[in-house]
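Spelled out from the first residue to the last, the chains are:
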Amino acid sequence: MAIREIVKLGDEVLRTKAKEVTKFDESLGVLIDDMFDTMFKADGVGLAAPQVGILRRICVVCVDGVTKYELVNPEILKFGGIQRGAEGCLSCPGRSGIVARPKKMTVKAQDRTGESKLYKVDGFTAVAFSHEIDHLDGVLFVDKIEREDE
Ligand SMILES: [Zn+2]
């Protein structure tokens, strides 16, 4: 268990496309646990590996403090509808604004052992999935803000 440093806006790593995970070893499990610890410590609901300086396709999400999602090599299979809500990002402190996201999503992802799983999510969980998966392609919520808070 360790808290990792969160990379902030302006760092090139946040704008770089992350690579697929191909090795499902012990260090992947350590990284995922560290990402959860780092996210909870910072009061976040999601965190992507590039935010801790690692360019691999991994993200973690927990919006209710109970259900923990670990998404390795996530792939959006389906999405539908639109919802708009206020968002922020642990890598963009002090910034928040309204972003449009899919209302529902079906996502395929592996877990730390490489097992493939299917997730059907909606509401705020879908927002978090969409936000975190964007990070893996170097996309930040500030790129999508429709109305920024002052
Ligand atoms: Zn973010």
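Residues numbered from 1 in each chain as written. Predicted model: local features only at pLDDT ≥ 70, side-chain atom pairs only at ≥ 80, totals over all residues. Heavy atoms only, no water.

Caption draft 1: Up close: the overall build of the chain. Check the secondary structure of the chain and you find 2 helices and 8 strands. If you list the helices and strands of the chain from N to C, you get α-β-β-β-β-β-β-β-α-β. A globule of 150 residues ought to have a C-alpha radius of gyration of about 15 Å, and the chain, at 14 Å, matches this closely. In terms of principal-axis extent, the alpha carbons of the chain reach across some 45 × 30 × 30 Å. Taken over 150 residues, the chain has a buried fraction of 47%. Residue pairs in contact within the chain that sit at least 24 positions apart in sequence constitute 67% of those at least 6 positions apart. Of the roughly 7,900 Å² of accessible surface on the chain, 50% is carried by carbon and sulfur atoms. For the chain, the separation between the mean place of its 22 positive charges and that of its 25 negative charges on side chains is 5 Å. (Helix = DSSP H or I, 4+ residues; strand = E, 2+ residues; numbered from the N terminus. Rg over C-alpha atoms; globule rule 2.2 N^0.38 Å. Buried < 20%, exposed > 50% of the residue type's maximum accessible area, 1.4 Å probe, protein only. Contact = heavy atoms within 4.5 Å. Areas by Shrake-Rupley, 256 points an atom, 1.4 Å probe, with all protein chains shown as cover. Lys, Arg positive; Asp, Glu negative; His and termini not counted. Charge placed at Lys NZ, Arg CZ, Asp CG, Glu CD.)

Caption draft 2: Focus on the sheet that holds strand β3 (residues 69-80). Read from one edge to the other, the open sheet built from 5 strands follows the order β1-β2-β3-β6-β7, with strand pairing classed as antiparallel. Looking at the sheet topology across the chains shown, the edges are occupied by β1 (46-48) and β7 (116-122). Averaged over all pairs of adjacent strands, the angle between strand axes in this sheet comes to 35°, irrespective of strand direction. Pairing analysis gives 7 bridges linking strand β6 (residues 104-110) to β7, with the strands arranged antiparallel. When the sheet's bridge partners are listed, Lys104 is paired in β7 with Asp122. Sheet strands in contact with helix α2 (residues 123-135) are β1, β2 (58-61), β3, β6 and β7, and its direction is about 125° off that of β7. (Pairing = 2+ DSSP bridges. Axes fitted to C-alpha atoms, helices over the stretch in contact; angles between N-to-C directions.)

Caption draft 3: Representation of the sheet that holds strand β4 (residues 83-87) in the model. Strand order in the open sheet made by the 3 strands is β4-β5-β8, with antiparallel pairing throughout. In this open sheet, the two edge strands, each paired with only one partner strand, are β4 and β8 (147-148). Pairing of β4 with strand β5 (residues 97-101) involves 5 bridges; the strand directions are antiparallel. Residue Gln83 lies in a different strand from β5, and its bridge partner there is Arg101. On top of the sheet, α2 reaches β4 and β5; it is set at about 70° to β4, its chief contact.

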